[in-house]
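Commentary on secondary and tertiary structure
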Amino acid sequence: MEQKLPEKRQRISTLGQIGLQQFAPYLMNRIMGRYNATLREDFRKQGLTIPQVRTLAVLSVTDGVTVNDLSVYTVIEQSTLSRTLDTLEGQGLVRREQGVTDSRIRHVFLTDDGRALFTRAWPAMHDAFEAMFDGVDDAEYAALIAILQKMLKNIRKHDI
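Keep in mind the model is a prediction, meaning the values are calculated, not measured.

Right, let's talk about the UniProt feature "domain: HTH marR-type" (unreviewed entry) in the protein for a bit. Taken from the UniProt record, the annotation "domain: HTH marR-type" (unreviewed entry) applies to residues 21-153. Within the segment residues 21-153, helix and strand shares are 69% and 9% respectively, and the terminal C-alpha atoms sit 24 Å apart.

Next up on the list: the packing of aromatic side chains. One pass over the full model with this rule turns up 4 aromatic pairs. Relative to Trp-122, the ring of Phe-118 lies with its centre 6.1 Å away and its plane at 40°, an arrangement referred to as tilted. Within this pair, Phe-118 and its partner Trp-122 are both found in helix α6 (residues 112-132), separated by 4 residues, close to a single helical turn. On the numbers, 5.3 Å between centres and 55° between planes, the contact of Phe-129 with Phe-133 is tilted. Taking the relative accessible area as the measure of exposure, Phe-129 reaches 27% and is therefore partly exposed. Members of the aromatic cluster, connected to one another through ring pairs, are Phe-129, Phe-133 and Tyr-141.

What counts, and at which threshold
- Residues numbered from 1 in each chain as written.
- Predicted model: local features only at pLDDT ≥ 70, side-chain atom pairs only at ≥ 80, totals over all residues.
- Heavy atoms only, no water.
- UniProt positions renumbered as here; feature names shortened; annotations may be inferred.
- Helix = DSSP H or I, 4+ residues; strand = E, 2+ residues; numbered from the N terminus.
- Phe/Tyr/Trp six-rings, centres within 6.5 Å; stacked < 30°, edge-to-face > 60°.
- Buried < 20%, exposed > 50% of the residue type's maximum accessible area, 1.4 Å probe, protein only.

Structure follows, in structure tokens:
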């Protein structure tokens, strides 16, 4: 006797049936687009770009990651990240070091100047974060984070 696998729940199949305001990827893109636009002007005044601040932000909590992992964490394509790192390194904000066991691997570290610059950028990021979640209580926020982590697990191509 052949055992049947449980069927996956089929959602509505066309965007027209779903509608943009009910289509999660559209809403996530709009939210992040608005978040980045809010920050872009503040960062521009500090001489920073969104990719540079994303890089500094990740390194502020995960210092010494490989360039490949940094690309995943920052959601920046490798070529753009390479140029971003060149700029940040030229400004003395990050440093790259060869791997100890594999010289092809490069690890990226935040310098003291880089950490200080991120510390100055953080308040604008935090203010935009707080504004985005105005009216969302702790339970709703926790539920959203759990759902987003589940979604990421469903689609990710990397273990990080």
